[in-house]
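These are the residues of each chain, in order.
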Amino acid sequence: MKSPLRSLVTAALGVFSLVAAPAFAAKDVVFAVASTFTTTDPYDANDTLSQAMAKSFYEGLFGFDKDMKMIPVLAEGYEVSKDGLVYTIKLKKGIKFHDGTDFKADAVKANLDRVTNPENKLKRYGLYNNNIAKTEAVDDYTARITLKTPFSPFIAQLAHPSTVMISPAALKQWGSKDIAFHPVGTGPFKFVEWKATDYLKVARFDGYWRKGYPKVDTITWKPVVDNNSRAALMQTGEAHFTYPVPYEVADVLKAKPDLELVAAPSIVLRYLSMNTQQKPFDNPKVRQAIAYAINKDALAKVAFNGYATPAEGVAPQGVEYAVKIGPWPYDVAKAKQLIAEAGYPNGFETELWSAYNHTTAQKITQFIQQQLQQIGIRTKITLLEAGQRIERVDTWQDPATAPVRLYYVGWSTSTGEADWALRPLLYGESWPPKLSNTAYYKNPKFDADIKNAQLTTDSAEKAKLYKDAQETAWNDAPWAPLVVEKLLSAHNKKLSGVYVIPDASFNFTEVDIK
Amino acid sequence: MLQYIVKRLLGVLPTLLIVALFVFLFVHLLPGDPARLAAGVDATPETVELVRKDLGLDKPLPQQFVRFLSGVIHWDFGTSLRTKRPVAQEIGDRFMPTFWLTVWSMVWSVIIGMAIGIVSAVFRNRSPDRIGMTLAVSGISFPAFALGMVLMQIFSVQLGWLPTVGADTWKHYILPSLTLGAAVAAIMARFTRSSFVEILGEDYIRTARAKGLDETHVVIKHGMRNALIPVVTMMGLQFGFLLGGSIVVEKVFNWPGLGRLLVDAVDMRDYKVIQALVLLFSLEFILINLIVDVLYGIINPTIRYR
Amino acid sequence: MTMEADTDLVVSAPAATVSEAVRTPWTEFWRKFRKQKVALIAGAFVALLVLIAIAATWIVPYDAENFFDYDCLNAPPSLRHWFGVDALGRDIFSRILMGARISLAAGFVSVAAGALIGTLLGLVAGYYEGWWDRTIMRICDVLFAFPGILLAIGIVAILGGGMTNVVVAVAVFSVPTFARLVRGNTLALKHLTFIEAARSIGASDWTIIARHIFPGTISAVVVYFSLRIGTSIITAASLSFLGMGAQPPTPEWGAMLDAARSDMLTAPHEAIFPALAIFFTVLAFNLLGDGLRDALDPKIERR
């Protein structure tokens, strides 16, 4: 009896070692990204990239899958009270933080208490609208959050990449500030080191709760600012994954046999806002004329090398409750007719500002300038440098004197939900300096829809209200909707399991390399 | 001379104090609210106020200046508004890579540049001079980003001889220093040529030549010393400029340098980093130009300074 | 050693020699300049550039700003478009011609202004030394150290955009270098025996500076001047992103070069032609500078 058993064991060991062998060879992957990280603390970050990187070591109660569908992560599920004020969240069991402590409801309390406390001065304080009354740990695996006023998109806020669960023990040990240099979460990777000028390195967390993951040993996040240099890094094999790939070099990378170029759909909307409080843009006909005058397909070709599609609504497809209305047709004759009807048969002169000064923005603004020239509108382009933008647009105090006219800008809805896609940009109370309604648009009908949608928890009702809001805004044309861009990434064919999700963040829990 | 050096060194502190005040006022005059920039576009006014408090920007200006100055005296430049790391550390991480890149770029470009310049002067208006001139003008008008990219495409991507980005080994220094030094070599070549043309035309050289002295001997013994003044001036200045970091080269080669730190800081109105960097650059230029002035005296002993 | 150097210098001749009294300085200059074929060609090229800058509007094959063809984006050079088409469908050849105006203004005028002020400051600092020298040179040190981008944002904030302000900004960047160069030369020149002699016979400070010291600094100024033109064109372009100077779609060589950066790998012609335009301009000014210097310097005769 002995020998068959022994051979079985030997065989099993053999199989095991065969299976396990590749796992013992170090699997190190390198991600080349476009800018340096501002922090490792998602509550104190306002850039998508830092938050995406932080997914290495942090996870939230909820999150998004690679198609931007909301999914529970550390939470099991949730219930809302009838009045829309109390959210009860059930947590998954058996999850450990990197420091060995168990993930329990006290973590939810510690983290939400931290961000909602103005003393901690966190940049994401505003995300929760000062609307969380209290957070309680009902038992080890049940958390209860009470709101001050009903706010139906609340769960989307919990799914936002900044709402993550940091180990309460670590928070206590390092304090609210220094936690940024010693991140401790439940994520698939542990923090190793951060050399601000060079790279940030994370290593596999053996106690990760999703069995079988992560499949690689380390990830090195390497910020490489220059587009062409990043492309070079991919070609030499020094990096395995890169985002973003500039539109101009897409074709170069596509031609390389060992690289794969991926164009993923996005919820990044590019539009041209028009100051509706100022002449001549107070006239809807002028605004519609401008929307008609721009050839969005040609724009996609000129500035995005074809990696963009004309915008089909006020909120891009992929955002929950987004309605497809457009695209707005390109019709120069109609544009000329409208502008003549508005009383400007010979056009006029105006300012065209861009919120960014990178090369794509240079191309886009010059393209818009060329297009508007065709209907007699002569524009003076200024690409605002970040500080100028803050001064002249974002923090302008008096709406009556706001100097912004035509303004090229974009928006990515990181909660994946219509409220955050519409309210900051078009709501009557979101004019600068409060939020980013640079069109100074105000329509009582639209505002009522948004307000009511926040209060209702009924999904069908919400859909109806948001549809009405989007159609209202589309027809009023406070913006000329331009394009929704595609997210271009490239990875080595040996690499799998890394996705750029529609808000330009990454999912990489399943990353593997052959 | 020693007295002069001591006097100049004593003058460093007051100068830096004036620079500190000047740059402090200047950054606060710039448009753009750092709190808003740090908080991000989708931040609410309450958040912006929180960030402002967090960054210490809610205090009155004189108080902020006094805090800045007393910090500097204690060698504490505060923390970066952008990264929340200590400014001294932000600069410290980047200073040595910038310094060594500057040194290597200067070494090759001064040697090559002066060699081209001397050859051009000796063969004035003949073909070596024309070739030297073309090289020099190329060096200064060929855009650095293109040069860097071409070098990287050839030596890293195609040939695979050198690494693309980073600053870890000596190999990492080759391409960036070539890119950075090209313009310096051009300037050195042109100045060396011009000075030597002048010196070679001087009577005493002709006299020496007439006396049958060996030409090389003449060039080195008489020509060198007097020709060196503008050359040394430019060398010092170029050294100072390179120490400030080069945005283009640092971007292309992802070099951890001071140029990009400055641009990022200006973009985000990171006052503390800007202030510390301008102080550092001022100190560098004051010291470099002091050394250059002392060199003048050594090269030409008639320069004594009053 | 030191003594030897000093005595060597004594024999070096001052600017004016006796023979010159016979001919006027102008004919003398022209006689020497004419002999330099290369410098003449360079001069003709610069004249041509100026002509293009003036007449560009009438000679361009396409409208440099408003002509666009989205069907041949980034097209390489062809018979129809000699220098190819840029990323926005515009004719690069036309844009190069039209760009001459602003590029020359930014390159030449600003450096000229910087050279003028810098030279004056350098002469004063070097000649008088002491308090003047310390003050001027410390201001220069600060200007050297002061980041250009910061200065530019400040100028835009205080004075606004506009071409004049670009010239001002670029001129300010150039002043300290000229000042230091000239000061260095002045320090070396002022102890020469003939200058001491001029002073002893009661020549005024300004006469000495203008007649005897300034000519000795010219060569360094001319060399730096002609090199600086290229740098200034590129600097001016980087300012246009801060809202200063030429705004799109106005063509300008530096800005064209910068815009071509993202398309470098796929459409290199967009960078090559503006780079060549800058290259030839700088080359021409350098050759011309050498020729002028040789013609102005009485000590130098062609060998």
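You'll find the structure just up there.
How each quantity is defined
Residues numbered from 1 in each chain as written. Chains lettered and ligands numbered in written order. Predicted model: local features only at pLDDT ≥ 70, side-chain atom pairs only at ≥ 80, totals over all residues. Heavy atoms only, no water. Helix = DSSP H or I, 4+ residues; strand = E, 2+ residues; numbered from the N terminus. Rg over C-alpha atoms; globule rule 2.2 N^0.38 Å. Buried < 20%, exposed > 50% of the residue type's maximum accessible area, 1.4 Å probe, protein only. Contact = heavy atoms within 4.5 Å. Areas by Shrake-Rupley, 256 points an atom, 1.4 Å probe, with all protein chains shown as cover. Lys, Arg positive; Asp, Glu negative; His and termini not counted. Charge placed at Lys NZ, Arg CZ, Asp CG, Glu CD. 1 Å grid on protein atoms, 1.4 Å probe; cavity = no way out; pocket = protein on both sides within 12 Å on 5 of 7 lines; lining within 4 Å. Points joined across faces, edges and corners; volume = space filled by probe spheres on them. Nonpolar A, V, L, I, M, F, W, Y, C, P; charged D, E, K, R; others polar. Pairing = 2+ DSSP bridges. Axes fitted to C-alpha atoms, helices over the stretch in contact; angles between N-to-C directions. Salt bridge = Lys/Arg side-chain N within 4 Å of Asp/Glu carboxyl O. Buried area = accessible area lost by both parts, 1.4 Å probe. Polar contact = N/O pair within 3.5 Å; in protein donor to acceptor, adjacent residues only side chain to side chain. Core = buried A, V, L, I, M, F, W, Y, C linked by side-chain atoms within 4.5 Å. Phe/Tyr/Trp six-rings, centres within 6.5 Å; stacked < 30°, edge-to-face > 60°.

**Student:** What is the right way to look at the overall build of chain A in this model?
**Tutor:** A count of helical and extended segments in chain A gives 15 helices and 23 strands. Here the C-alpha radius of gyration of chain A, 25 Å, is about what a compact globule of 514 residues would show, namely 24 Å. On the principal axes, the C-alpha backbone points of chain A span a range of 100 × 55 × 40 Å. When each of the 514 residues of chain A is scored for burial, the buried share is 60%. Restricting the contact set of chain A to residue pairs at least 6 apart, pairs at least 24 apart contribute 69%. For chain A, the accessible area works out to roughly 19,300 Å², and carbon and sulfur atoms hold 53% of it. Within chain A, the 55 negative side-chain charges are centred at a point lying 3 Å from the centre of the 60 positive side-chain charges.

**Student:** What is the right way to read the overall build of chain B from this model?
**Tutor:** Across its full length, chain B carries 13 helices and zero strands. Listing every helix and strand of chain B by position from the N terminus yields α-α-α-α-α-α-α-α-α-α-α-α-α. Accessible area for chain B stands at about 12,100 Å²; split by element, carbon and sulfur atoms hold 71% of it.

**Student:** Sorry if this is basic, but what is going on with empty space enclosed by the protein here?
**Tutor:** Take a probe with the size of a water molecule and roll it over the atoms, and the empty space left behind shows itself. According to the stated counting rule, one finds 15 cavities of 30 Å³ or more in the structure shown. What the second largest cavity holds in volume is close to 400 Å³. Every residue lining the second largest cavity is counted, 27 residues in all, and those nearest its centre are Q362 and Q366 of chain A together with R90, A255 and A259 of chain C. When contributions to the lining of the second largest cavity are tallied by element, the ones reaching two or more residues are α11 (359-373) and β16 (378-383) of chain A together with α4 (92-128) and α10 (253-260) of chain C. Along the lines of polarity and charge, the residues of the lining of the second largest cavity split into 13 nonpolar, seven polar and seven charged.

**Student:** Please clarify how the sheet that holds strand β13 (residues 268-274) of chain A should be interpreted in this entry.
**Tutor:** The strands that make up a sheet pair up through hydrogen bonds in the backbone, lying either parallel or antiparallel. Residue and element names in this part refer to chain A. Read across the open sheet, the six strands follow the order β14-β18-β13-β17-β15-β16; overall the sheet is mixed. The open sheet has two edge strands, β14 (308-310) and β16, and neither has a second partner. Going from strand to strand, the sheet's axes swing by 25 degrees on average, the running direction of each strand aside. In this sheet, β16 lies alongside strand β15 (residues 349-354) in parallel orientation, the contact comprising six bridges. Each bridged residue has a counterpart across the sheet, and for L352 the counterpart in β16 is I381. Along the sheet face, helix α12 (residues 386-394) touches β15, β16 and β17 (406-412) and points at about 105 degrees away from the line of β17. Sitting on the sheet, helix α13 (residues 418-426) is in contact with β13, β17 and β18 (479-485), with an inclination near 155 degrees to β17.

**Student:** Which parts of the structure should I look at to understand the pattern of salt bridges?
**Tutor:** Side-chain pairing between opposite charges can occur once the charged atoms of the two side chains come close. In this structure the tally under the stated criterion is 40 salt bridges over all chains. With its nearest N and O atoms 3.3 Å apart, the salt bridge here joins D394 of chain A to R389 of chain A. Each of R8 and D293 of chain B together with D133, R180 and R183 of chain C takes part in a single network of salt bridges with overlapping partners.

**Student:** I would appreciate a short explanation of the interface of chain A and chain B in the present structure.
**Tutor:** Frequently, the measure chosen for interface size is the accessible area that the parts lose on association. If you look at the interface, chain A gives 43 residues, while chain B gives 41 residues. Counting the surface chain A buries against chain B, the share from its top three residues, K121, K123 and T197 of chain A, is 16%. Across the chain A-chain B interface, the total number found is zero salt bridges. Here chain A and chain B share four residue pairs in polar contact (both at pLDDT 80 or more) between them. Among the secondary structure elements, those contributing two or more residues to the side of chain A that touches chain B are β10 (218-223), α6 (227-236) and α12 of chain A. Broken down by element, the residue count for the side of chain A that touches chain B peaks at seven residues, all from α12 of chain A. In terms of residue class, the side of chain A that touches chain B is built from 16 nonpolar, 13 polar and 14 charged.

**Student:** Would you explain the pairing of strand β6 (residues 132-139) of chain A in this entry?
**Tutor:** Within a regular beta strand, the side chains point alternately toward one face of the sheet and then the other, so they alternate between its two faces. Bridging between β6 of chain A and strand β7 (residues 142-147) of chain A involves six bridges; their strand directions are antiparallel. Pairing of I132 of chain A across the sheet is with L147 of chain A, part of β7 of chain A.

**Student:** I keep staring at the sheet that holds strand β5 (residues 86-91) of chain A and nothing clicks. Help me out?
**Tutor:** Residue and element names in this part refer to chain A. Spatially, the four strands line up as an open sheet ordered β4-β5-β7-β6, and their pairing is antiparallel. The open sheet is flanked by β4 (75-80) and β6, the only strands paired with a single partner. Strand-to-strand, the axes of this sheet are offset by a mean angle of 20 degrees, without reference to chain direction.

**Student:** Is there a simple way to explain the nonpolar core in this structure?
**Tutor:** General note: in soluble globular proteins, nonpolar side chains tend to be found buried as a group. By size, the foremost hydrophobic cluster in this structure holds 344 residues, and its most contacted members are L61, W221 and I290 of chain A. Of all the elements, helix α13 (residues 271-299) of chain B adds the most residues to this core, at 16 residues. Residues contacting W221 of chain A, with those up to four places away along its chain left out, are F31, V33, F37, A52, M53, S56, D198, Y199, L200, V202, F506 and F508 of chain A.

**Student:** Whenever I open this one, the side chain of R228 of chain C confuses me. Can you help?
**Tutor:** Residues and elements named next belong to chain C. Note on placement: R228 falls in helix α9 (residues 205-239). Salt bridges are absent for the buried R228, whose nearest opposite-charge side chain, E252, sits at 13 Å. With near-sequence residues (within four places) excluded, R228 lies in contact with V111, V170, F173 and S174.

**Student:** Would you explain the environment of L61 of chain B in this entry?
**Tutor:** Residues and elements named next belong to chain B. Structurally, the position occupied by L61 is in helix α4 (residues 61-73). In this structure L61 comes out as partly exposed when scored by relative accessible area, which is 37%. As for L61 and V110, which are separated by 49 residues in sequence, their C-alpha atoms are 45 Å apart. Apart from residues no more than four positions distant in its own chain, L61 is found in contact with F24 and H28.

**Student:** Would you mind going over the interface of chain B and chain C with me for this structure?
**Tutor:** Residue-level contacts link 72 residues of chain B with 66 residues of chain C. Interface area for chain B against chain C, summed over the two sides, is near 6,300 Å², with a carbon-plus-sulfur share of 65%. Viewed at the interface, chain C and chain B are joined by four salt bridges. Across the pair D293 of chain B and R183 of chain C runs a salt bridge, and its minimum N-O distance is 2.9 Å. Across the chain B-chain C interface, the total number found is seven residue pairs in polar contact (both at pLDDT 80 or more).

**Student:** In this structure, what is going on with the packing of aromatic side chains? I would like to understand it.
**Tutor:** Each aromatic ring pair is characterised by the separation of its centres together with the angle its planes make. Residue and element names in this part refer to chain B. Tallying each qualifying case throughout the model produces 55 aromatic pairs over all chains. Ring plane angle 45 degrees and centroid distance 6.1 Å describe the contact between F22 and F26, whose orientation is recorded as tilted. Remark: F26 and F22 occur in helix α1 (residues 2-29); sequence separation between them is four residues, near one turn of the helix. Since its relative accessible area comes to 41%, F22 is described here as partly exposed. When the ring of F24 is compared with that of F68, the centres are 6.2 Å apart and the planes differ by 15 degrees; the resulting orientation is stacked.

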